[in-house]
Amino acid sequence: MIAAPDIDLVSLAPVLTLSAFGFAVLIWDLFIGKDKTQLIYISLLGLFLTAVCAFSKTNLPAYSFTNSYVVDNLSVFCVIIFTISSALAILLSVNYNPEKGIEIGEYYCLILFCTVGMIVLSSAVDLILIFLGIEIVSISLYILAGIRRDDLKSNEAALKYFLLGAFASGFLLYGMALIYGFTGTTNLKGIMTAIGQMDGNNNSFLILGCILFIIGFGFKVAAAPFHMWSPDVYQGAPTPITAFMAVGPKLASLVAFFRVFHTGVGGMDGSWEMPLAVVAVASMTIGNLGAIAQTNIKRLLAYSSISHVGYILLAVIAKNSIASSSLVFYMLAYTFMIFGVFGIILILGKKGDENLEIDAYCGLSTKFPLLALTMAIFMLSLGGMPPLAGFVAKFYIFSAVLKEGHEILVVIAVLNSVISFYYYLKIIINMYFKDANQEFSPNFQPLTLLVVIIALVGILDLGIFPGPVISLAENASLF
Amino acid sequence: MFLTFVTFLPLLGAIAIAFLPDEDESLIKQTALAIAVGDFLLSLAFYFNFDLTTANMQFEYSAVWIKDWGVNFHVGLDGISLLLYVMTTFLTAICIVSIWTVKKRIKEYMMALLVLSTGMLGVFVALDLFMFYVFWELQLVPMYLIIGIWGGPRRLYASIKFFLYTAVGSLLMLAAIIWIYHLHAEQTGVFTSDLMTITYNTDIPFGPQKWLFIAFFLAFAIKVPMFPFHTWLPDAHVEAPTAGSVILAGVLLKMGTYGFLRFNLPLFPYACNEFMPYVGWLAVIGIVYGACVSMVQEDLKKLVAYSSVSHMGFVMLGIFAFNHYGIQGALVQNLNHGISTSALFLLVGVIYDRRHTRMIKEFGGITNYMPKYAIIFMIVALSSIGLPGMNGFVGEFLILLGIFQVDAFMAGVATTGVIFAACYILWMFQRVMFLKSNSPENEKLKDLDLREYIMLLPLVVLIFWIGLYPKPFTQTFEASVTKLISRVDPSNFKPAKHDDHGDSSHAAATTEHKTVKIGHKATEHKTEHKTDHKAASSGHKEDSHSKANAH
């Protein structure tokens, strides 16, 4: 007899709400003309309601759908970050899209669907559901990256992203198959129990499964040496989408990554830690060294984000009581930093020329001191300078890793931070120490400015008064 | 609370200045000066209300900052930090006078100096490791901007070198801070980053202590800077504007030595004793090397910069003597260097403003054209050499006395630094001030004006004051130095047999001579005590407590 499926619609409330609004956007799009402003309101309302729905479940953690979907403090925290980042991305798009001729209603609906995928991914405790989440996120992103159909760079980005992403999904699926083959279940808790019961749990095929998992996830979060796609995609994708995919999808994948290695194969004696440590160190080093040579700010941020993923992977390695808290805190801080920087990039963009070269920032401080100061704060925060959000986030991660006694990893991470200062300072040098070589015509659109101000307030608040948010993050621990 | 206010007053001032109109330069300058002088006068209140009898923290204020991590906003002053704190507010005011005539982006300059001032003050009052690190890094950015925006032709190179060098050391220190934080939590179950709690309640095993010492050592040694980590200093000094150099020499370098006294010595007393010979010889090499390199410099500022390396070597040597004379001398020399070298940089700045060159060979015969300038220059130069009756003598004499009791050979080599100092300073003085003028432009030089007197005379007064009557200064750190020495005293780390006649040596702790002799033995015994260090350390914990009480 087949048991009646365990359906708990309340725990799915955020997913259902957001999906409904996604369809509403899609349908409403048919009845309006070229002006897509109304869709923006609908999407923002949907995201707001989703954030509210995230708190619909009490008595956490609550498992549902035969233990394959979980609502816990970690996933609630993630949903909040996802809605914030998606809302900021939509706010950035409001003025950008008409300017670049992206007058397509599906743009907003895809952002919402992508967010749905992220929520599923961050709440999944079953391999099948994880794969489902990853595919929802990825397919939406493939389209979003190539949404400027007549732009060659955008097309290249989408195709590259799609081909390599499909390849990565293959690796991931193969890894899942191997793990399923040896444990007989796709449920993460079940896998943990099965591994615990096996004697000689160092089964080489299980380890191979883990390594394939690392490769697949490595592609999705753009960790070196699987990062090749990310600079091209960052550069080619529309700027608000670049910011969008730098944060939400990465966080979702990292949380799933964390759950797999914490709950799933966490029972193994840590033989997967070494490959993961190699990936983390490679990400930091290659990301930082690669960023030094960049002259295009979007590519620079792509490499910088590779290195940030390296730091965050350290938290996955630590997998102790504060590791997941440090992970989500880092990503929240990173959300504000990234959207702030991209907001300023959009402000400095010109008609027909996005003005993306670092040299375009020369002498900004003499003409627009406040703008330059804000950008400098974002850059210093990315580097991890106190008292800004980036520092507290790094402190948190290092704290989690040192608690586990991985001193060498922290020393490597710390030296990498010094390298990263070099290229973040390069932008400050241009803004403050050099003379202007061109006319500035900043485009102070109110909504873009709003995003920058939100980001600035977020960074200062998380940096100077991080207490309350840290309390929330501490709750998001998996222990 | 008052201490918090005085610390953050410059920052508030900088924010206020941001709202002043750009065009009204005199209003901006006057506001900045009023804030800096006001801050200095307020900070004097700490000096006059300071309780000389206790080594405990005074004017303390503590508030919860990050509850879940046990991080507090905790400030306080003791004998080690009091005078450095006052000197910071004092030099900030002097610097604001010194940049009065700068035309380039004066508003941002004033703001940067005031923000820098809060950063430096914060470093000296922070009593929480997390908070200390925040301030330690915070002062980096305004200094970086000061070198980079108002600096000389190679300012880009110099500023980024300054920044990255400092960042390497301090980030390793951050890793060490987190390590200690977790160690304390493991041992006591309490998450806290409070410095005093950690210092006196954490038993750091001897093995890790060495690594932690190295991590902290790198951060502070780069800042001091000790040979061979000094290479950023000449570049930074030469490219920095005058005010930048003054702050750099007067306060930023002191943060390094302060770090040793506040963190390395109390936290890692065992490792300090272990590494004493290495640190000591690095300091001696720094003294001699700095002095020799100074002698061949053609650029006045570079000469003063290398002389800083030499002088700071003396301070380090004094600290690592671990006895009363040494550490007291180091603290005095800290002040002296801040006063004399700042004055030298100001004087070089005065002549650079007029001639736009600092090359020694361009000058000559300046006494004829700027006699008053030459007199002040002479006083400052002699104080830098350490002529009796001036401040430099007191510090260097105490340091050499202290180190002589520990290692006479080391002291002998270090003494050559004093001789070399006389060589490079007097030779430079001769070439710049006497002889024949090498350039007709020198003849048109005007003597000091009122503004320059205002910024130089207070320093000259201090030079004589410390030289002739140092007691008002030395008495402030008496109690704190005694407490510090009771913690790092080499006899603490002697093999267990010392405990048998421990009482007699404790009684002698006040007469430094004997303590130091015991210290000398301790280094000889260092191979023995590794085996029974556990027993020794637990015994000593009580020892040092009782000693602290006794004092």
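### Observations concerning the overall build of chain A
Right, so step 1: Looking only at helices and strands, chain A features 19 helices and 2 strands.
Right, so step 2: For 479 residues, the compact-globule estimate of 2.2 N^0.38 gives 23 Å, and the C-alpha radius of gyration of chain A, at 21 Å, lies within 12% of that figure.
Right, so step 3: Taken along the three principal axes of its C-alpha coordinates, chain A extends 70 × 55 × 40 Å.
Right, so step 4: Looking at chain A as a whole, 59% of its 479 residues are labelled buried.
Right, so step 5: Restricting to contacts in chain A with at least 6 residues of sequence separation, those with at least 24 account for 81%.

### Section: the overall build of chain B
Right, so step 1: A tally of helices and strands in chain B yields 23 helices and 2 strands.
Right, so step 2: Counting over 551 residues, chain B shows a buried share of 58%.
Right, so step 3: Of the contacts made within chain B by residues no fewer than 6 positions apart, 80% connect residues no fewer than 24 positions apart.

### Some thoughts on the interface of chain A and chain B
Right, so step 1: Between chain A and chain B, the residue contacts involve 24 residues of the former and 27 residues of the latter.
Right, so step 2: In terms of residue count, helix α17 (residues 407–433) of chain A provides more of the side of chain A that touches chain B than any other element does, 11 residues in total.
Right, so step 3: Here the residues of the side of chain A that touches chain B are counted per class, giving 18 nonpolar, 4 polar and 2 charged.

### Points about the pairing of strand β2 (residues 71–77) of chain B
Residue and element names in this part refer to chain B.
Right, so step 1: In terms of residue burial, β2 counts as a mostly covered element, since 5 of its 7 residues are buried.
Right, so step 2: Relative to β2, strand β1 (residues 58–66) is paired through 6 bridges, and the arrangement is antiparallel. Considered in β2, the bridge of A63 is made with F73.
Right, so step 3: Hairpin remark: β1 followed by β2, antiparallel, with 4 residues in the connecting loop; positive phi at G70, about 70 degrees.

### Here's the deal with the packing of helix α12 (residues 297–318) of chain A against helix α16 (residues 389–403) of chain A
Residue and element names in this part refer to chain A.
Right, so step 1: In contact at an axis separation of 9 Å, α12 and α16 are set at 35 degrees when each is read in the N-to-C sense. Here the hand of the crossing between α12 and α16 comes out left-handed. Of the residues in α16, those in contact with Y311, I312, L314, A315, I317 and A318 of α12 are K394, I397, A400, V401 and K403.

### Considering the confidence of the model for chain B
Where the model shows low pLDDT, its predicted coordinates should not be examined in detail.
Right, so step 1: On average, residues of chain B carry a pLDDT of 84, and 89% of them reach 70 or more.
Right, so step 2: Reported for the predicted complex are a pTM of 0.89 and an ipTM of 0.91.

### Thoughts on helix α7 (residues 155–188) of chain B
Residue and element names in this part refer to chain B.
Right, so step 1: A rise of 1.5 Å per residue sets the reference length of α7, with its 34 residues, at 50 Å; its end C-alpha atoms lie 48 Å apart and thus fit the reference within 8%.
Right, so step 2: Most of α7 sits inside the fold, with 24 of its 34 residues counted as buried.
Right, so step 3: Note on α7: the residue one or two positions beyond its end, G189, has a positive phi of about 80 degrees.

### Quick notes on the packing of α7 of chain B against helix α9 (residues 206–223) of chain B
Pairs of packed helices are described in terms of their axes, by the angle between the two and the distance that separates them.
Residue and element names in this part refer to chain B.
Right, so step 1: One can describe the packing of α7 onto α9 by two numbers: an axis separation of 8 Å at closest approach and a directional angle of 150 degrees. Between α7 and α9, the angle falls in the class roughly antiparallel. As for how α7 packs across α9, the hand of that crossing is left-handed. Across the interface between the two elements, Y165, T166, G169, S170, L172, M173, A175, A176, W179 and I180 from α7 touch L212, A215, F216, L218, A219, I222 and K223 from α9.
Right, so step 2: Classifying every residue of the contact of α7 with α9 gives 13 nonpolar, 3 polar and 1 charged.

### Thoughts on the nonpolar core
Right, so step 1: L314, V328, A333 and I397 of chain A together with A175 of chain B are the most contacted members of the largest nonpolar core, which has 390 residues in total.
Right, so step 2: Among the elements that line this core, the one with the most residues is helix α13 (residues 323–348) of chain A, at 20 residues.
Right, so step 3: Ignoring sequence-local partners within four residues, the contact set of A333 of chain A consists of A389, G390, V392, A393 and L462 of chain A.

### Quick word on the environment of M295 of chain B
Right, so step 1: Counting through the fold element by element, M295 of chain B comes out in helix α12 (residues 269–295).
Right, so step 2: Apart from the residues within four sequence positions on either side, M295 of chain B is in contact with F420, C423 and Y424 of chain B.

### Here we look at the environment of A221 of chain B
Right, so step 1: In this fold, A221 of chain B is placed in helix α9.
Right, so step 2: The contact partners of A221 of chain B, leaving out residues within four places of it in the chain, are M226, F229 and G256 of chain B.

### Digging into unusual backbone geometry
In terms of backbone geometry, most residues other than glycine have negative phi values and most peptide bonds are trans.
Right, so step 1: A cis amide bond, omega -5 degrees, links P386 of chain A with the succeeding residue P387 of chain A.
Right, so step 2: Summarising the element assignment, P387 of chain A is placed in the loop between α15 (369–383) and α16.
Right, so step 3: Cis geometry marks the peptide bond from F227 of chain B to P228 of chain B, where omega comes out at 5 degrees.
Right, so step 4: You will see that A222 of chain A, though not glycine, has its phi angle at about 60 degrees, which is positive.
Right, so step 5: Among the secondary structure elements, A222 of chain A is positioned in the loop between α8 (204–221) and α9 (229–236).
Right, so step 6: For K319 of chain A, which is not a glycine, the phi torsion comes out positive at approximately 35 degrees.
Right, so step 7: The residue K319 of chain A is located in the loop between α12 and α13 in this model.
Right, so step 8: Taking the C-beta count within 10 Å as the criterion, K319 of chain A has 21 such neighbours and is therefore assigned buried.

### Looking at the environment of I379 of chain B
Residues and elements named next belong to chain B.
Right, so step 1: Inspection of the secondary structure assignment puts I379 in helix α16 (residues 371–385).
Right, so step 2: I379 sits 39 residues away from S340 along the chain, and the two C-alpha atoms are 9.4 Å apart.
Right, so step 3: In this structure, I379 is in contact with V460 and I463, ignoring residues within four places of it in sequence.

### Things to note about helix α6 (residues 152–183) of chain A
Residues and elements named next belong to chain A.
Right, so step 1: Between the first and last C-alpha of α6 there are 46 Å, a value that for 32 residues agrees with the 46 Å anticipated at 1.5 Å per step.
Right, so step 2: Every buried residue belonging to α6 is among S154, A157, A158, Y161, G165, A168, L172, G175, M176, L178, I179 and T183, and all of these are buried.
Right, so step 3: In this structure, the buried residues of α6 make contact with α5 (127–145), α7 (188–197), α8 and α9.
Right, so step 4: Of the residues flanking the end of α6, it is G184, one or two places downstream, whose phi is positive at about 75 degrees.

Cut-offs applied
- Every chain is numbered on its own, with residues counted from 1 as its sequence reads.
- Labels follow written order: the first chain is A, the first ligand is 1, and so on.
- For a predicted model such as this one, the threshold for reporting local features is a pLDDT of at least 70, and the threshold for listing and counting side-chain atom pairs is 80 or more; totals across whole chains, interfaces and linings nevertheless cover every residue.
- Every helix listed is a DSSP run of H or I at least four residues long, and every strand listed is a run of E at least two residues long, numbered separately from the N terminus.
- Note that the radius of gyration is over C-alpha atoms, with the globule rule given as 2.2 Å times the number of residues to the power 0.38.
- Residues with at least 20 other C-beta atoms within 10 Å of their own are called buried, those with 12 or fewer are called exposed, and the rest are partly exposed. The C-beta atoms themselves are positioned from the backbone.
- Contact between residues is assigned whenever the C-beta positions, reconstructed from backbone atoms, fall within 7 Å.
- Under the scheme applied here, ten amino acids are nonpolar (Ala, Val, Leu, Ile, Met, Phe, Trp, Tyr, Cys and Pro), four are charged (Asp, Glu, Lys and Arg), and all others, including Gly, are polar.
- Pairs of strands are assigned from DSSP output, requiring at least two bridges between the strands.
- To get an axis, fit a line to the C-alpha atoms, keeping to the stretch in contact for a helix; angles then go from 0 to 180 degrees between the N-to-C directions.
- Left-handed describes a crossing whose near helix is turned anticlockwise from the far helix by less than a right angle; the clockwise case is right-handed.
- A residue's pLDDT is the predictor's confidence in that residue, given on a scale from 0 to 100.
- Expected span, for any helix, means 1.5 Å times one less than how many residues it has.
- Comment on the angle field: the value is read as roughly parallel under 35 degrees, roughly antiparallel over 145, roughly perpendicular from 65 to 115, and oblique elsewhere.
- Note on terminology: a nonpolar core is a set of buried residues of type Ala, Val, Leu, Ile, Met, Phe, Trp, Tyr or Cys, with members joined through C-beta atoms within 7 Å.

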